[in-house]
Amino acid sequence: MRWGALVLAAACSGPTPRPAPPVEGAKIGPATQPPDSLVLALSNGYQLWFTAAREAQDTTGTKCRERSIEIRKGDQRRLVPLLYTVEAPVPLTESAVTARLADHCRSGVRYRIDLNTGRPTRLGPQ
């Protein structure tokens, strides 16, 4: 029994394998995200920023970068969920803006975004 334990201990104590070096020209890590960008500042202190980005492509193969929207006021930050756009939001009221949902690099359905909650609500078919 003692020999079996020694053999097992010896087998488990070998050198730790090292990861293979990266292949020349291979993509390493996630795609670089562009910096946050202020796109709209309202007189009531709300600011709308483009934050995260995703690469997209239209039907002709032309590529674009669709951006998410974050609402900021003072030290509060609220990400607008599930809405990526290629256009800057447009003021609607003191507490709301509109933005168009991006669909393969094209502006699509218009949404009303409540600045207090960040919640987007669809406004119509187009």
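Here, every reference points to the structure presented above.
Q: Please explain the overall build of the protein chain as it appears in this structure.
A: Of the regular secondary structure elements, the protein chain holds one helix and eight strands. In the protein chain, the order of α-helices and β-strands from amino to carboxyl end is α-β-β-β-β-β-β-β-β. Contacts spanning at least 24 positions in sequence make up 33% of the contacts within the protein chain whose residues lie at least 6 apart. Summed over all atoms, the accessible surface of the protein chain reaches about 9,100 Å², with 56% contributed by carbon and sulfur.

Q: Help me out: how do you make sense of the pairing of strand E4 (residues 76-85) in this one?
A: Side-chain positions along a regular strand alternate between the two faces of the sheet. Pairing analysis gives six bridges linking strand E3 (residues 63-73) to E4, with the strands arranged antiparallel. Considered in E4, the bridge of glutamate 70 is made with leucine 79.

Q: Help me understand the pattern of salt bridges, please; the structure alone is not making it clear to me.
A: One side chain can pair with another of opposite charge once the charged atoms of both are near each other. By the definition in use, this model includes five salt bridges. As a salt-bridge pair, aspartate 36 and arginine 72 come within 2.6 Å of each other at their nearest N and O atoms. Here the residue aspartate 36 occupies a position in the loop between helix H1 (2-12) and strand E1 (37-41), and arginine 72 occupies one in strand E3, the gap between them amounting to 36 residues. Take aspartate 36: its relative accessible area is 38%, and that puts it in the partly exposed class. Between arginine 72 and glutamate 70 there is a salt bridge, and its shortest N-O distance comes to 2.5 Å. Of the two residues, arginine 72 and glutamate 70, neither departs from the other in class, the shared state being buried.

Q: Honestly, the packing of aromatic side chains in this entry has me stumped. Any pointers?
A: Each aromatic ring pair is described using two quantities: the centre-to-centre distance and the angle formed by the ring planes. Scanning the entire structure with this criterion turns up zero aromatic pairs. Over the ring of tryptophan 49 we find arginine 72; its NZ or CZ atom is 4.3 Å from the centre of that ring. Of note, lysine 73 hangs over the ring of tyrosine 46, and the distance from its end group to the ring centre comes to 4.6 Å.

Q: I'm lost on the sheet that holds E3 in this one. Help?
A: Strands in a sheet are paired, the pairing made by backbone hydrogen bonds, and the direction either parallel or antiparallel. Within the open sheet, the four strands sit side by side as E1-E2-E3-E4. Their pairing is antiparallel. Lying at the two open borders of the sheet, with one neighbouring strand each, are E1 and E4. Going across the sheet, the axis of each strand differs from the next one's by a mean of 35°, ignoring polarity. As paired strands, E1 and strand E2 (residues 47-57) are joined by four bridges and run antiparallel to one another. Each residue of the ladder has a partner; that of leucine 40, found in E2, is leucine 48.

Cut-offs used in this document
- Residues numbered from 1 in each chain as written.
- Predicted model: local features only at pLDDT ≥ 70, side-chain atom pairs only at ≥ 80, totals over all residues.
- Heavy atoms only, no water.
- Helix = DSSP H or I, 4+ residues; strand = E, 2+ residues; numbered from the N terminus.
- Contact = heavy atoms within 4.5 Å.
- Areas by Shrake-Rupley, 256 points an atom, 1.4 Å probe, with all protein chains shown as cover.
- Pairing = 2+ DSSP bridges.
- Salt bridge = Lys/Arg side-chain N within 4 Å of Asp/Glu carboxyl O.
- Buried < 20%, exposed > 50% of the residue type's maximum accessible area, 1.4 Å probe, protein only.
- Phe/Tyr/Trp six-rings, centres within 6.5 Å; stacked < 30°, edge-to-face > 60°.
- Lys NZ or Arg CZ within 6 Å of the ring centre and 35° of its normal.
- Axes fitted to C-alpha atoms, helices over the stretch in contact; angles between N-to-C directions.

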